[in-house]
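Listed below are the residues making up each chain.
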Amino acid sequence: MLDDLVREGVGMTSRRTRERLLERLRERGIKNEVVLKVMASTPRHLFVDEALAHRAYEDTALPIGFKQTLSQPYTVARMTEILLEQCARRDSVFEIGTGSGYQTAVLAQLFKRVYTVERIAPLQQKASARLASLNFTNIHYRHADGHDGWSNSGCFDAIIGTAAAADLPAQLPSQLALKGVLIMPVGDDTQNLTLIRRDGEAFASSVVESANFVPLLKGTIS
Ligand code: SAH
């Protein structure tokens, strides 16, 4: 299904262009073939305005309005690769910062259920319409501030934050399943991609690499 949509966009996003992106991801150290395959078949050009579609397969972040960006493909691939390699199960993933919905689409092909929250209503509406038109049926959307997690009773195999929190929101680690994994950028001027692994009641934190994300903001915009 996604392959057909990629073919439809072939005029502006040739197979060669997409292959170059995969080469670039491999050069930068992405090794997980499952992640690479999903990235190759997800039509990134459908997640940006038409005027930017010709740049959709460059390894660069792109504007999506409201001073927000669709993350760089390398970053999406790296965070997804880490989640896949570290999490014990792939039943549910919680994403903070739906944005364009591109990372959501990647996750929806790898996890049974995706729960995604976005604080800017027009972005959330556009992303959910886009993902519905791509026939995704395993994604649950919420227009809310992700600081508190999905609800007070969430229990996810994986949590991914696509905006940088000055400090890790306190509610999030407790919403992980007992062997769950969280990845998110933390810091303001200097950000670190931070990994939290839960093992029962113990939480281990480590830094993966430096990062450069838009900030995780408080409140919602309707
Ligand atoms: N994953 C997105 C990246 C979007 S940029 C994509 O692939 O397009 C980060 C997003 O996080 C923005 O859309 C921003 O509005 C959203 N965001 C920032 N703070 C948030 C918060 N507290 N709760 C929910 N979403 C938030």
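Here the structure is a predicted model, which is why all the values come from computation and not from measurement.

## What about empty space enclosed by the protein?
- All told, the structure shown has one cavity of 30 Å³ or more when counted by the stated rule.
- The space that makes up the largest cavity amounts to roughly 30 Å³.
- If you go around the largest cavity, the residues you meet are Arg-18, Leu-21, Leu-22, Met-39, Ala-40 and Tyr-57.
- Those elements that place two or more of their residues in the lining of the largest cavity are helix H2 (15–27) and helix H3 (33–41).
- The element that contributes the greatest number of residues to the lining of the largest cavity is H2, accounting for three residues.
- For the lining of the largest cavity, the class distribution of residues is five nonpolar, no polar and one charged.

## Focus on the sheet that holds strand E5 (residues 139–143)
- With respect to topology, seven strands assemble into an open sheet ordered E5-E4-E3-E6-E7-E8-E9, the strand pairing being mixed. The two strands at the open ends of the sheet, each matched to only one other strand, are E5 and strand E9 (202–211). Adjacent strand axes in the sheet meet at a mean angle of 15°, parallel and antiparallel pairs treated alike.
- Across five bridges, the pairing between strand E4 (residues 113–118) and E5 is parallel. Looking across to E5, one finds that Thr-116 is bridged to Tyr-141.
- Each of strand E3 (92–96), strand E6 (156–161), strand E7 (176–186), strand E8 (191–199) and E9 is contacted by helix H4 (residues 73–86), which is oriented at about 160° to E7, the strand it contacts most.
- Across the sheet, helix H6 (residues 121–133) is in contact with E4 and E5; its angle to E5 comes to roughly 165°.

## Here we look at the packing of aromatic side chains
- This model, assessed by the stated rule, comprises five aromatic pairs.
- Measuring from ring centre to ring centre gives 6.0 Å for Phe-94 and Trp-150, while their planes differ by 75°; the resulting arrangement is edge-to-face. Here Phe-94, found in strand E3, pairs with Trp-150, found in the loop between E5 and E6; they are 56 residues apart in sequence, far enough to count as distant.
- Note on Phe-94: relative accessible area 0%, which makes it buried.
- Classification of Trp-150 as buried rests on a relative accessible area of 13%.
- With a centroid separation of 5.2 Å and an interplanar angle of 70°, the aromatic rings of Tyr-115 and Trp-150 are classed as edge-to-face.

Rules of the game
Residues numbered from 1 in each chain as written. Predicted model: local features only at pLDDT ≥ 70, side-chain atom pairs only at ≥ 80, totals over all residues. Heavy atoms only, no water. 1 Å grid on protein atoms, 1.4 Å probe; cavity = no way out; pocket = protein on both sides within 12 Å on 5 of 7 lines; lining within 4 Å. Points joined across faces, edges and corners; volume = space filled by probe spheres on them. Helix = DSSP H or I, 4+ residues; strand = E, 2+ residues; numbered from the N terminus. Nonpolar A, V, L, I, M, F, W, Y, C, P; charged D, E, K, R; others polar. Pairing = 2+ DSSP bridges. Axes fitted to C-alpha atoms, helices over the stretch in contact; angles between N-to-C directions. Contact = heavy atoms within 4.5 Å. Phe/Tyr/Trp six-rings, centres within 6.5 Å; stacked < 30°, edge-to-face > 60°. Buried < 20%, exposed > 50% of the residue type's maximum accessible area, 1.4 Å probe, protein only.

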